[in-house]
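# Geometric and topological summary
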Amino acid sequence: MGQSDGKLHNQVAIVTGAAQGMGAAIAGRLAVEGAKVVVSDINAEKVAQVAERISAAAGSSALSMRTDVTKEDEVAEMVEAAATHYGTVDILVNNAGILYPTRIDYVTKAEWDEVLDVNLNGSFLCSKAVLPIMKENRFGRIVNMSSSAGRSVSTLGGVHYTAAKAGVLGLTRGMAKEVAPFGITVNAICPGLIDTEMARENCTPEQLRAYEESFPIPRLGTPDEVAQLIIFLATDAAYITGASIDINGGDLMM
């Protein structure tokens, strides 16, 4: 993880979907930069392991929470636990998400609802839950995980994933406008194909190599590169709100 210059010293961050992949990398990088981290995921066992690794590597405690971001009561419990344990909440990274490659002819109403519920409604519920704390503090940083899918169309996911990630961009702009007077910024990042478990579960090695060769920067992005972008957006240096920022090795060139 490298050495920290403490950009986020003593700030409190919640990261959802933190049991693996980008979420785990984001939580780890936040801790290295001095933040006190609450790692949340629906998989209690895996997210507890992430918290243990962060504590060992960063030398500070990380609190793990089993949370279903589609359940408003569980989201409220997560935020309350963070505020009780650490005193406040300064940063929220809405990373929890799911992807299915189902083509539209085979997408059921139940699967459509599930994908939008986790990717879009989860970001709304978690953001709404932290806003009273951030408004009282007159400071906050919310970063929503959208995707290149939200800007164009999904490489791996079905129409429901593209629709949900496009919705995240609208949510980001709407919230950013409303909460800016309270010192709160809200931004979205739009990763392309990142080297995560999700990518490898939905692609063959041959398909991944073909994608890599098609990018202007001919490789997959790494979870830590995504995490570094989020660190910047979480700092006071980011005079940015309501933005959607691409991180895709030049793919799409949008």
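Residues numbered from 1 in each chain as written. Predicted model: local features only at pLDDT ≥ 70, side-chain atom pairs only at ≥ 80, totals over all residues. Heavy atoms only, no water.

Moving on to helix 9 (residues 223-234). Compared with an ideal rise of 1.5 Å per residue, which puts 12 residues at 16 Å, helix 9 spans 17 Å between its outermost C-alpha atoms and is within 8% of the ideal. Where helix 9 is buried, its residues contact helix 1 (21-32), strand 4 (91-94), strand 5 (140-145), strand 6 (184-191) and strand 7 (244-247). (Helix = DSSP H or I, 4+ residues; strand = E, 2+ residues; numbered from the N terminus. Expected span 1.5 Å × (residues − 1). Contact = heavy atoms within 4.5 Å.)

In this section: a nonpolar patch on the surface. A surface patch of nonpolar side chains, amounting to about 260 Å² of accessible area, comprises Ile104, Trp112 and Val159. Mapped onto the elements of the fold, Val159 is located in helix 6 (residues 159-179). Overall, the relative accessible area of 34% leaves Val159 in the partly exposed class. (Patch = residues over 30% accessible without salt bridge, like charges linked within 9 Å, V, L, I, M, F, W, Y side chains within 5 Å. Areas by Shrake-Rupley, 256 points an atom, 1.4 Å probe, with all protein chains shown as cover. Salt bridge = Lys/Arg side-chain N within 4 Å of Asp/Glu carboxyl O. Buried < 20%, exposed > 50% of the residue type's maximum accessible area, 1.4 Å probe, protein only.)

For Asn10, which is not glycine, the phi dihedral falls at a positive 65°. Take Asn10: it is sitting in the segment before strand 1 (12-15). With phi around 55°, Arg138 is a residue other than glycine that occupies positive phi space. Here Arg138 shows up in the loop between helix 4 (109-137) and strand 5.

Let's shift gears to the sheet that holds strand 1. As summarised here, the arrangement of the seven strands in space is 3-2-1-4-5-6-7, forming an open sheet in which the pairing is parallel. In this open sheet, the two strands that pair with only one neighbour each are strand 3 (62-66) and strand 7. On average, each strand axis in the sheet is inclined to that of its neighbour by 20°, with strand direction left out of account. When strand 6 meets strand 7, the two strands line up parallel, connected through four bridges. By the bridge assignment for strand 7, Ile189 is matched with Ile245. Contacting strand 1, strand 2 (36-41), strand 4, strand 5 and strand 6, helix 1 runs over the sheet at an angle of about 175° to strand 1. (Pairing = 2+ DSSP bridges. Axes fitted to C-alpha atoms, helices over the stretch in contact; angles between N-to-C directions.)

Glancing now at the nonpolar core. One finds Ile26, Leu30 and Val39 to be the most contacted residues of the largest nonpolar core, which totals 34 residues. For this core, the secondary structure elements donating two or more residues are strand 1, helix 1, strand 2, helix 2 (44-58), strand 4, strand 5 and helix 9. Here this core takes seven residues from helix 9, the largest share from any one element. With residues near it in sequence (within four places) discarded, Leu30 still touches Leu8, Ala13, Val15, Ala35, Val37, Ile91, Val93 and Ile231. Ranked by size, the runner-up nonpolar core spans 30 residues in total, among them Met78, Leu131, Ala176 and Val179. (Core = buried A, V, L, I, M, F, W, Y, C linked by side-chain atoms within 4.5 Å.)

Our next topic: the environment of Tyr106. On the secondary structure map, Tyr106 appears in the loop between strand 4 and helix 4. With a relative accessible area of 64%, Tyr106 lands in the exposed category. The spatial distance from the C-alpha of Tyr106 to the C-alpha of Gly158 is 9.9 Å, given a sequence separation of 52 residues.

Read these as layout, nothing more, since geometry by itself doesn't imply function.
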